[in-house]
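Read off the chains here:
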Amino acid sequence: MTPIPFIDLATQRDRVRPAVEARLGRIMDQGAFIMGPDVAELESALGVFTGARETVTCGSGTDALVMPLMAWGIGAGDAVFVPSFTFAATAEVVGLVGATPVFVDVLPGTFNLDPAHLRQSVEEIVRRGELVPRAIIAVDLFGQIADYAPIRAVADEFGLKLISDAAQGFGSTRDGRQAGAFADVVATSFYPAKPLGCWGDGGAMQTDDADLAAILRSIRIHGQGTDKYDNVRLGLTARLDTFQAAVLVEKLAIFPDEIEARTRIARRYHERLDGLVLPQTIDDNVVSTWAQYTVRIPGGQRDTFTVAMRERGVPTVIYYGKGLHQQTAYRHWPVGGNGLPVTEALCRDVVSLPMHAYLDEATQDRIIDAVRESLDVLNRAVAETPISGRA
Ligand SMILES: Cc1ncc(COP(=O)(O)O)c(C=O)c1O
């Protein structure tokens, strides 16, 4: 039995290879490794893709999250509201600028930020008076754009900045609108496994605010001013290198086609796994980029399931087994409202199945059969467990 990859990057690589190789050759000929013409070309193409007025590429998705916080002068004594059910970088960047992340719960269906819990968490921080609420980072988890209208309403009511962490959901839309219709900045990652990934590290920020974009461009190169040797603020080495931009120009050209393929594959999973597992709910009128296809295996039996899947040659990954508020380096930071019961339940239940734009039907059928069989194994294990020992 050929092993099934969790993500197949090779098929896509072969599809874009000739065009990318031509670009890489040109860059080598020109020696334009830093801020070469492909970077400007990519920034302009990304602007066309989303409609954002300003695009500033950078070295990673983490750079793309930390740089707006730096630009707004967010730091010690400030609170930034973030989900706990996300990748570490979402909260890490808040700590890196010296501010305090406040962890907010997510919705049990979509796994995205819960606007009611967000409001409760902001009100609580205001009431306590120890930290100044400054910003919200909402995450477009597993490819699904967050429900930004109510999140924006909370941001506006309390005078907070709003960042979309679109590392997984860049290109996702709700009612035909991108996250940039609501967020002050959309930050994305081009890490290779992301729906739009390069062949190394990379990221980008998009905004309609030209003044902010100018500051982000300055931070990207050590806080440089109009004169290259005049450093007007603290910055970083956070440029996207030209090789990665070249890869991305070619990958962006096929990205809409890949989103369609992912949508078709996700729909097929939905239809064939209906009634067997609980998949992430996708809101009406949302186009997800399906960074992950994630389902819930309730009842404390996820490990039995993943072991049975592995025995059938199907890899699964747990995103995420621990909320950020439970991470060693993060657990001293505050949790909003009355705790994060949804996050904690998801951390116990979720498992992601193989998902990429090149998953063919025969391979997907093997995965679906493995899910059915693994659920049978799980149900037998539950039936054999004495009631007192059940989760
Ligand atoms: C939700 C989220 N935010 C931020 C990041 C950070 O991106 P990067 O690895 O490019 O720094 C990632 C991915 O790794 C992510 O999944």
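The structure displayed is predicted, hence computed values, not measured ones.

Thresholds, definitions, all that
Residues numbered from 1 in each chain as written. Predicted model: local features only at pLDDT ≥ 70, side-chain atom pairs only at ≥ 80, totals over all residues. Heavy atoms only, no water. Phe/Tyr/Trp six-rings, centres within 6.5 Å; stacked < 30°, edge-to-face > 60°. Helix = DSSP H or I, 4+ residues; strand = E, 2+ residues; numbered from the N terminus. Buried < 20%, exposed > 50% of the residue type's maximum accessible area, 1.4 Å probe, protein only. Axes fitted to C-alpha atoms, helices over the stretch in contact; angles between N-to-C directions. Parallel < 35°, antiparallel > 145°, perpendicular 65-115°, else oblique. Left-handed = near helix turned anticlockwise from the far one by under 90°. Contact = heavy atoms within 4.5 Å. Domains from an automatic or database assignment. Buried area = accessible area lost by both parts, 1.4 Å probe. Salt bridge = Lys/Arg side-chain N within 4 Å of Asp/Glu carboxyl O. Polar contact = N/O pair within 3.5 Å; in protein donor to acceptor, adjacent residues only side chain to side chain.

### Description of the packing of aromatic side chains
Right, so step 1: In the structure shown here, the tally under the stated rule is 13 aromatic pairs.
Right, so step 2: Note on phenylalanine 49 and phenylalanine 255: the rings are 5.6 Å apart at their centroids and 45° apart in plane angle, and the pair reads as tilted. Separated by 206 residues along the polypeptide, phenylalanine 49 in helix 2 (residues 37–50) and phenylalanine 255 in helix 8 (residues 242–273) bring together distant segments of the chain.
Right, so step 3: Between the aromatic rings of phenylalanine 85 and tyrosine 320, the centroid separation amounts to 5.7 Å while the plane-to-plane angle is 85°, which identifies the pairing as edge-to-face. Residue phenylalanine 85 is located in the loop between strand 2 (78–83) and helix 4 (89–96), and its partner tyrosine 320 is located in the loop between helix 9 (302–311) and helix 10 (341–349); the two are separated by 235 residues in the primary sequence. In terms of burial, phenylalanine 85 and tyrosine 320 fall into one category: buried.
Right, so step 4: Pairwise contacts between aromatic rings join Phe85, Phe111, Phe142, Tyr319 and Tyr320 into one cluster.

### As for the packing of helix 5 (residues 115–128) against helix 6 (residues 148–158)
Right, so step 1: For the pair helix 5 and helix 6, the least separation of the axes is 9 Å and the interaxial angle reads 15°. Between helix 5 and helix 6, the angle falls in the class roughly parallel. As helix 5 runs across helix 6, the sense of the crossing is right-handed. On helix 6, the residues that touch Pro115, Leu118, Arg119, Val122, Glu123 and Val126 of helix 5 are Pro150, Ile151, Val154, Glu157 and Phe158.

### Quick notes on the domain arrangement of the protein chain
Right, so step 1: For the protein chain, the domain assignment lists domain 1 (10–250) and domain 2 (256–385).
Right, so step 2: For domain 1 versus domain 2, the separation of C-alpha centres amounts to 25 Å.
Right, so step 3: With 44 residues of domain 1 at the interface, the matching set in domain 2 holds 40 residues.
Right, so step 4: For the pair domain 1 and domain 2, the summed buried surface comes to about 3,600 Å²; carbon and sulfur atoms form 57% of the total.
Right, so step 5: Taken as a group, Phe85, Phe103 and Phe142 account for 20% of the area that domain 1 buries against domain 2, more than any other trio of residues on that side.
Right, so step 6: For the pair domain 1 and domain 2, the interface holds 2 salt bridges.
Right, so step 7: The salt bridge involving aspartate 257 is made with arginine 15; its shortest N-O contact spans 2.7 Å.
Right, so step 8: The interface formed by domain 1 and domain 2 contains 27 residue pairs in polar contact (both at pLDDT 80 or more).
Right, so step 9: Elements that contribute at least two residues to the side of domain 1 that touches domain 2 include exactly helix 1 (10–30), helix 4, strand 3 (100–104), helix 5 and strand 6 (173–174).
Right, so step 10: Here the element with the most residues in the side of domain 1 that touches domain 2 is strand 3; it accounts for 5 residues.

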